[in-house]
Amino acid sequence: IELMYKLAKKDLSAAPAEQARRVARFFMSGSFFDCLSLTPPQAEKNTPSKSKKKGRKSDPTKASEQSDIPRELSSGLRIKELLSASDQKVIPQPIRSLMSARFFSLMSDFISTINTQHRGRKTNQFYKGDKSQAVYHALSEVCGICSLLESSGAKAFHSMCHENNDDEEENPMGASERFLRQVQNFADETLVRECNGSNHTDKSQSSLATGCASLMMSLSLQLYTCVKSEHSDKEEEDNTEEDYEAIHEYISDLAEIVTEFKDVISDSSKIELNDDNENPMASMATLVVSILTSPIGGEDAGSKNPVRASASKLTREVIKMAWSGAISVITDLSESDDAAAKLFDEDVMNTVVESVCGSPSEVGPDSNEEEDGESDEESAVFVEASKIDMNLDDSKENDSTSAQRDEDIDAEDDVELDSSQLENMLLEDSDVEMGESGQLEHHEGADAALAQLIKLKQDAKKAAQSQREQVELRNRLRCAMLLDSLFSVSVFKSNVLPVEAVLGSLVPILRARKVIIKSIQTTPDSSLAKKSLSDKNALLDRLSSIVKERISKYRCKHELLSSDTSLKASVEIFEEISHSLNVADCSCSSIALITALRCVSDVEDSDQVKEIYSNAVKDWSMKKATKIHTCVFDDLVQRMPSLAAVVLIEPLCTAAKESVASFIKSESIRVLSIIYKHGTGKPQHDAEHNAEHSLSQKAIS
């Protein structure tokens, strides 16, 4: 299996990757289906007839070559031949799990490497079109092979583990297959319309349809992994059943979302959201976030299932296309109807931003301090409990309360303790004697055993919390791709995103960065805590990239400028600057502030903007423990030199004159010289001319 997997991985580098596709079919047939009853279609009609000439026997090799056996069934028939030759009825479960994991890994790698511009259309006509269409065709081929195998007699292992009813409406599998056929038909229709070129929105509609159909097919492939084995325990069986039901629910919800998008495309009046009309974009955001944060598309705490990990990677690859297709449809609709921008409402932005930044309670300014306080208090309780002298006679009530609390902790964290070992620990002291009242007297052995018990439960709780934190961080990292697609250059150029949606995302991102920075700074020096340190740094870099490389490129149209919204966001961002944790945090907040100021109409004449930077210079130059760094002024000079010449000259001159620190004086003069350098060019409008004249007067003085 590993040799075949390496061969397929090597073959993926060039089209048409026939060897990789053969290996993938072999893995899929062996891991998902019982091929003993597999029979090729029309096998009886192709049976070789007797030779007309006497003495000549028919060649079985030629007879097999003459039979028209589909290549899609060749892998299943080969597996049937191998099982029959070795007198086995089925491939063992561990081998099937390995084949299933390698199949999903190959498919995810195959999808990630598909690029029609570099894979050669002449040698591989099947993958004509863009990436979403190529992925749609590839997954359609795989799902078609599964259907052909079942129709040819192969039995899916998952169908043997889950009860199905005869009624199609009550049968989850039948309903999911019906939903998949509906979306596939819609995808085929949009592809035909795109070829005809009848409408400018056909391209985006085909991207949405093929993306959603690919997501449904990837989810349906995961159904084949929901198999209960003989060696699985009760918890594993329950998790398998939950995943099985969740996948069916996701497929049903996705089919409903596609129907809502079709209604909006065909009737623009349904864009006006009310109680009767659902927002398909909000439904799509909720669904993809739910998938990415679940074991189906994300990660499950404590799970070491390689099949689930590989399958979730495939699902994440196609989620990008479905999400991008939904955004492209709304972008194209906004060209003919400005009301399409309403689909990016507060629900959509809150869902996506919270999936990356956390809930508002988690990213609040005091959330991290409260969490640290609770942790310290809890640790102090355990320390005191190990030091105090316990009197069993005088503290029965406290002991009963403590025992109840310990039982609650055990139930919450699933900490399994061996009662026989604990009993030996408590009774290992040979000097224990019974008192006159018949009660067990207190001894040091009980204290030591109780201290070990407390430490054991405390370590188990910390390990569980660390594992949950690591899974949460990785899920947030996966959801960050939703913000990347939403804040892309193409979306910004279309101006489909409202100003409130863009600027309203800045403060939660900045606060989430602060929480992560504090968590990194307070990470204890232990191997358990360092496991999630790399994930924290990765999420921190991702949030910084979203602000600096994505949102910073936003430019609002002049007619859409909103001073009230922009100034409100600017004030909130300046508060984040005033509480910066380091230079990098201050620089990221500074770029966010400049992005908000670009959306202020007549920003050079705004007194509130002048007040913001005047207070910033005053705080930076006068306070000894200031959190504001020089990068705030450097960023403004570099990105908005005309505004810098208006709002920074006077406060910087004051700082250079009145500041006590020589470093502040030299930095003030340095920034002023940079402003003067930017302001000596040919003025393009009156604001720059006035700024240059003001700068010259200040320089002379």
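Asks: Sorry if this is basic, but what is going on with the overall build of the protein chain here?
Replies: A tally of regular secondary structure across the protein chain gives 30 helices and two strands. Across the 701 residues of the protein chain, 45% fall into the buried class. By sequence separation, contacts in the protein chain at least 24 residues apart represent 76% of the contacts at least 6 residues apart. Surface summary for the protein chain: the accessible area is close to 36900 Å², and the carbon and sulfur share equals 48%.

Asks: What should I look at first to understand the packing of aromatic side chains in this one?
Replies: The way to describe two aromatic rings as a pair is by their centre distance and the angle between their planes. Overall, the coordinates contain nine aromatic pairs when judged by the stated rule. Where phenylalanine 103 meets phenylalanine 104, the ring centres are 5.2 Å apart and the plane angle is 65 degrees; that geometry is what we call edge-to-face. The same class applies to phenylalanine 103 as to phenylalanine 104, namely buried. Through pairs of rings, three or more aromatic residues link up here, namely Phe32, Phe33, Phe103, Phe104 and Tyr224. Over the ring of phenylalanine 179 we find arginine 178; its NZ or CZ atom is 5.3 Å from the centre of that ring.

Asks: What exactly am I supposed to notice about the environment of glycine 325 here?
Replies: Looking at the element boundaries, glycine 325 is found in helix H12 (residues 306-336). Spatially, the C-alpha atom of glycine 325 lies 6.3 Å from that of serine 204, the residues being 121 residues apart in sequence. Other than its neighbours up to four places away in sequence, glycine 325 contacts Ser204, Ser207 and Leu208.

Asks: Please explain the nonpolar core as it appears in this structure.
Replies: When a protein is soluble and globular, its nonpolar side chains tend to lie buried together. Counting 176 residues, the largest nonpolar core has Met281, Trp323, Tyr613 and Leu648 as its most contacted members. In terms of residues, this core owes the most to one element, H12, which gives 12 residues. Here tryptophan 323 is in contact with Met281, Met284, Ala285, Val288, Val352, Leu482, Ser485 and Leu486, once residues within four sequence places are set aside.

Asks: Please explain a negative patch on the surface as it appears in this structure.
Replies: Together, Asp602, Asp605, Asp607 and Glu611 make up a negatively charged patch on the protein surface. You can see aspartate 605 is positioned in the loop between helix H24 (583-597) and helix H25 (607-622).

Asks: Please explain unusual backbone geometry as it appears in this structure.
Replies: Of all residues except glycine, most have a negative phi; of all peptide bonds, most are trans. Positioned with a positive phi, aspartate 87 is a non-glycine residue whose angle comes to about 55 degrees. Mapped onto the elements of the fold, aspartate 87 is located in the loop between helix H4 (74-85) and helix H5 (93-113). Not every positive phi belongs to a glycine, and aspartate 602 is a case in point at roughly 50 degrees. Residue position: aspartate 602 is located in the loop between H24 and H25.

Asks: Looking at this model, I keep getting lost on the environment of glutamate 335. Mind explaining?
Replies: Take glutamate 335: it is sitting in helix H12. Between the C-alpha atoms of glutamate 335 and valine 496, which are 161 residues apart in sequence, the distance is 8.7 Å.

Asks: Help me understand the pattern of salt bridges in this model?
Replies: One side chain can pair with another of opposite charge once the charged atoms of both are near each other. In this structure the tally under the stated criterion is 21 salt bridges. Between aspartate 585 and lysine 514 there is a salt bridge whose closest N-O contact spans 3.2 Å. Remark: lysine 514 occurs in helix H20 (residues 506-521) and aspartate 585 occurs in helix H24; sequence separation between them is 71 residues. Neither residue differs from the other here; aspartate 585 and lysine 514 are each classed as buried. Taken together, the salt bridges that share partners define one network made up of Glu18, Arg21, Arg71, Glu72 and Glu141.

Asks: For this particular structure, what's the right way to read H20?
Replies: When the terminal C-alpha atoms of H20 are compared, their 23 Å separation across 16 residues agrees well with the 22 Å that a helix rising 1.5 Å per residue should span. Within the span of H20, buried status applies to Leu506, Val507, Ile509, Leu510, Ala512, Arg513, Lys514, Ile516, Ile517, Lys518 and Ser519.

Asks: Help me understand the packing of helix H1 (residues 2-11) against helix H2 (residues 18-32), please; the structure alone is not making it clear to me.
Replies: If you want to describe how two helices pack, look at the angle between their axes and the distance between the axes. The contact between H1 and H2 brings their axes to 7 Å, and the two run at 140 degrees. Relative to H2, the crossing made by H1 is left-handed. Together, Met4, Tyr5, Leu7, Ala8 and Asp11 of H1 and Glu18, Gln19, Ala20, Val23, Phe26 and Phe27 of H2 make up the contact between the two elements. In the contact of H1 with H2, the residues fall into eight nonpolar, one polar and two charged.

Asks: Looking at this structure, I do not really get helix H9 (residues 202-223). What am I missing?
Replies: Quick reminder: α-helices carry 3.6 residues per turn. Residues three or four places apart thus point the same way. Between the first and last C-alpha of H9 there are 32 Å, a value that for 22 residues agrees with the 32 Å anticipated at 1.5 Å per step. The buried count for H9 comes to 21 of 22 residues, which makes it a mostly enclosed element.

Asks: Before we go on, may I ask you to explain the environment of phenylalanine 344 in this structure?
Replies: One can find phenylalanine 344 in the loop between H12 and helix H13 (346-357). Taking the C-alpha atoms as reference points, phenylalanine 344 and proline 280, separated by 64 residues in sequence, lie 9.9 Å from one another. Excluding residues within four positions of it along the chain, phenylalanine 344 makes contact with Met281, Ile327, Ile330, Leu486, Val496, Leu497 and Pro498.

Asks: Looking at this model, I keep getting lost on the confidence of the model for the protein chain. Mind explaining?
Replies: Reading predicted coordinates in detail is not appropriate for stretches of low pLDDT. The predicted model of the protein chain averages 78 in pLDDT, with 73% of residues at 70 or higher. Under a pLDDT of 50 for its full length, residues 367-403 has, in the predicted model, 19 contacts with residues more than four places off or in other chains.

Cut-offs used in this document
- Residues numbered from 1 in each chain as written.
- Predicted model: local features only at pLDDT ≥ 70, side-chain atom pairs only at ≥ 80, totals over all residues.
- Heavy atoms only, no water.
- Helix = DSSP H or I, 4+ residues; strand = E, 2+ residues; numbered from the N terminus.
- Buried < 20%, exposed > 50% of the residue type's maximum accessible area, 1.4 Å probe, protein only.
- Contact = heavy atoms within 4.5 Å.
- Areas by Shrake-Rupley, 256 points an atom, 1.4 Å probe, with all protein chains shown as cover.
- Phe/Tyr/Trp six-rings, centres within 6.5 Å; stacked < 30°, edge-to-face > 60°.
- Lys NZ or Arg CZ within 6 Å of the ring centre and 35° of its normal.
- Core = buried A, V, L, I, M, F, W, Y, C linked by side-chain atoms within 4.5 Å.
- Patch = residues over 30% accessible without salt bridge, like charges linked within 9 Å, V, L, I, M, F, W, Y side chains within 5 Å.
- Salt bridge = Lys/Arg side-chain N within 4 Å of Asp/Glu carboxyl O.
- Lys, Arg positive; Asp, Glu negative; His and termini not counted.
- Charge placed at Lys NZ, Arg CZ, Asp CG, Glu CD.
- Expected span 1.5 Å × (residues − 1).
- Axes fitted to C-alpha atoms, helices over the stretch in contact; angles between N-to-C directions.
- Left-handed = near helix turned anticlockwise from the far one by under 90°.
- Nonpolar A, V, L, I, M, F, W, Y, C, P; charged D, E, K, R; others polar.
- pLDDT = per-residue confidence, 0-100.

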